[in-house]
Amino acid sequence: MGRIVLSAILALSFSTSLSHAQSSWTGGDDLPTNPLACDGTAAAAASVPYDGGQPTNAPDRNGKTITVVDVPKLVGIGYFNATSKGIADAAAEMGTMDAKTDGPSRANIDDQITLIDNYITSGVDGILFAANDPVAISPVLKKALAAGINVVGYDANSEPDARQWFVNQAEFNGIAKSMIDALAAEIGEDGAFAIVTSTFTTPNQARWIAEMEAYQAECYPNMKWLETVEAQEDNILSFNQANTLINKYGDEMKGILGMTSVATPAAADAVTQAGQCGNVAVVGLATPNAMKPYVASDCVKSVVLWNPVDLGYAAAYVLRAVADGTLEPGATSVEAGKLGELQVINGSEILLGAPFVFTKDNINDFDF
Amino acid sequence: MTAAVDLPPIRPRNGARRQGFLRRLFADYGQECVVLGAIVLLFVVVTFINPRFVNTNNLITIFSGNAYIAVAAIGMAMVIMTGNIDVSVGALIGVLATIAGTLAVSGYPIWFALTAPILVGMAVNTVIGVLVAYGRIPSIVVTLGALSILRGGLIGVTGGTWITDLPPDFLIAQKRLFSIPVPLIFMIVLTVAAFLWMRYSAFGRSIYAIGGNPEAAVATGIPVERRLVSVFAIHGAFAGLAAILFATQLQVIQSTVPPNLELTIITATVIGGVSILGGTGTVIGSTLATILFATIGSALIFINVSAYWLRAVIGLLILATVLADMLRRRGRA
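All figures in this text were calculated on a predicted structure; none of them were measured in a lab.

Visitor: Teacher, can you tell me more about the overall build of chain A here?
Guide: When helices and strands are tallied, chain A shows ten helices and 14 strands. Expected size for 368 residues packed as a compact globule is a radius of gyration near 21 Å; at 23 Å, chain A falls within 12% of this value. Counting only C-alpha atoms, chain A reaches 75 × 50 × 40 Å along its principal axes. Within chain A, the proportion of its 368 residues that are buried is 53%. A fraction of 76% describes how many contacts in chain A between residues 6 or more apart in sequence connect residues 24 or more apart.

Right, here's the structure in full:
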């Protein structure tokens, strides 16, 4: 019996030494990539026809003060407190929007539908939403459109024809560029790095990695991609995997990219506990709260995500623009206050812009 | 009904059955030897391919990386030996870690933050034990229910936010005693203590008796229900200890637990030689199995193999172990 197990393991180790010669797997998917230009010039927008919905018999709201309700996935958490602040900031700045946030106390689609339904009945001019479920929320949003209400989504989309516009916080190639740029700034354009991801089949992570690979090959051809390891959504496993990478590569590895908000702080902790801060850079996707200890200790310099305050702010400006009739189907950009001109992508989405990089200077302004 | 209680044999001192030491060791602790052998073999092969595998830091990563799983597996081994199972322990560890962290950041003394998870773990599992022993509800049903309650409660209470700003003194899993990482000390001391207690104390041996043959256990005067409740409570204490290691390894505590943590813990016990049918096995085996998992995981990185293999290898090991268990039982029958 023991012999069987042992020989199986032995066979495995032999087969692995054979596969040693193969190029290491990066963990990206096989879908086509669309890397951004190295200097960040905006890519030519592929013309996708407008696929959003339209309100029925909407009254002329141009320039008039409008009442708007913002229905996030849930209220009381830092992330949506931040989007809510952005909406309030924008409303105060414009002076022609009466905005309030009212969301479910837990991320529950049924509660969210009930809330929106109540606001349709009581009568508002505009609805902002972040959907708990893209499909389930669509009927109630269509009902709002049918009642002549302007509907704009942010953070989490519905079906396109159930709202007018959706403010997209980040595209895959944008995140990829920010990650690799931040890494290159820290480890140099010829540094070697490894990645800790969730699993090779997690769609978002695989997409980001594929885009990072394409962007790095294009813009930093001398960077060395050591390997990608899986760590599920498991913080201790992420910590162990990051440790193993440090143990394996020693001085050769100059940086670790964390692909999840679980992996990034765990990798930062591994680097901290191994006494490698300053030798091994950690750059990753994560929420600011989870990264504050590592940014405060200077072990981590860049945390990539988007700015939820800006996201709410942009959503409010987009809603104002549709109510005014200045943002119509077929438009290629929209003016969003201090954020400037935002690009229209994918037919009826508005791209928030380049992702936000949290650093020591700004991370304490956020609480999510 | 014959009262053939399936206890692990204690060797007659006069050597009535004279056998070689190795053969005796293998007869009593076959699965433990297999797992240990696999660990040694992996070390030899991988070190041959990449000598950095055995640098001190990597040895520490391997031996202490899965310590919290090993600690939880001790309690799980006891529960499985009685012929029961607990699929809620992963969620329980998440809840207990959150309790410890919340107490620590709320200004309670560190000793209190580190004791509370053990006591709460015992309390929760005492309730489970009572339902199983006196309510006569199968443990899989009770613990499935507990799993939903604990997991839902955890997300409901924390709202998915993480605990940060933990006081440095609270982070005991990051500390070292005589340059040995604390998780490693926890794992070794608890494993050895539990092993000796189960082998030589009357209570410990009754755990095997209950799982091996409950009717016979009753016939020999073992208070089966009471013992079952106690075993669940002890399992809760180990879950509390595991939660302490889990909560203090990093500077932030997640409000979620690793997916399938309970499955990893159960797998470790089974691969370590604890029969899923109850009655046999040791906690040495379950601890060795967690070390084997860590060794395989690290080895795959060192020899550049996709982590997909980890699951495949562990799957193979489970099948092989269960098969061996069946064969051994058939051989004895």
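Visitor: What exactly am I supposed to notice about the overall build of chain B here?
Guide: Scanning chain B for helices and strands turns up 14 helices and two strands. Sequence separation of 24 or more characterises 79% of the internal contacts of chain B that already satisfy a separation of 6 or more.

Visitor: Explain the domain arrangement of chain A here, please?
Guide: Note on interface size: it is often stated as the accessible area lost on association of the parts. Here chain A is described as being made up of domain 1 (27-41 + 172-305) and domain 2 (66-169 + 307-353). A separation of 32 Å is found between the C-alpha centroids of domain 1 of chain A and domain 2 of chain A.

Visitor: Help me understand the packing of helix 4 (residues 67-81) of chain B against helix 8 (residues 182-200) of chain B in this model?
Guide: Angle between the axes and distance between the axes are the two parameters that describe a pair of packed helices. Residue and element names in this part refer to chain B. Direction vectors running N to C along helix 4 and helix 8 enclose 20°, while the axes themselves pass 9 Å from each other. Classified by the interaxial angle, the pair formed by helix 4 and helix 8 is roughly parallel. When the axes of helix 4 and helix 8 are compared, the crossing they make is left-handed. On helix 8, the residues touching Ala67, Tyr68, Ala70, Val71 and Ile74 of helix 4 are Pro183, Leu184, Phe186, Met187, Leu190, Thr191 and Ala194. Taken together, the residues of the contact of helix 4 with helix 8 sort by class into eleven nonpolar, one polar and no charged.

Visitor: Got a minute to help me understand helix 4 (residues 138-146) of chain A in this structure?
Guide: In an α-helix, one full turn covers 3.6 residues, which means residues spaced three or four apart are oriented alike. All names here are of chain A. Val140, Leu141, Ala144 and Leu145 are the residues of helix 4 that are buried. For helix 4, the angular spread of buried residues about the axis comes to 150°, placing them on one side. Considering only its buried residues, helix 4 is in contact with helix 3 (109-122), strand 3 (126-129) and strand 4 (150-154). Taken from the residues just after helix 4, Gly148 is the one with a positive phi, measuring 80°.

Visitor: Looking at this structure, how should I read unusual backbone geometry?
Guide: Leave glycine aside and you will find that most residues have negative phi; peptide bonds, for their part, are mostly trans. All names here are of chain A. The phi torsion at Asp298 lies on the positive side, around 70°, for a residue other than glycine. Among the structural elements, Asp298 can be located in the loop between helix 9 (288-296) and strand 10 (300-305). Classification of Asp298 by C-beta neighbours within 10 Å gives exposed; the count is 10. Of note, Asn346 is a non-glycine position whose phi angle comes to about 50°, a positive value.

Quick notes on the rules
- Residues numbered from 1 in each chain as written.
- Chains lettered and ligands numbered in written order.
- Predicted model: local features only at pLDDT ≥ 70, side-chain atom pairs only at ≥ 80, totals over all residues.
- Helix = DSSP H or I, 4+ residues; strand = E, 2+ residues; numbered from the N terminus.
- Rg over C-alpha atoms; globule rule 2.2 N^0.38 Å.
- Buried ≥ 20, exposed ≤ 12 C-beta atoms within 10 Å, placed from the backbone.
- Contact = placed C-beta atoms within 7 Å.
- Domains from an automatic or database assignment.
- Axes fitted to C-alpha atoms, helices over the stretch in contact; angles between N-to-C directions.
- Parallel < 35°, antiparallel > 145°, perpendicular 65-115°, else oblique.
- Left-handed = near helix turned anticlockwise from the far one by under 90°.
- Nonpolar A, V, L, I, M, F, W, Y, C, P; charged D, E, K, R; others polar.
- Arc of directions from axis to C-beta.

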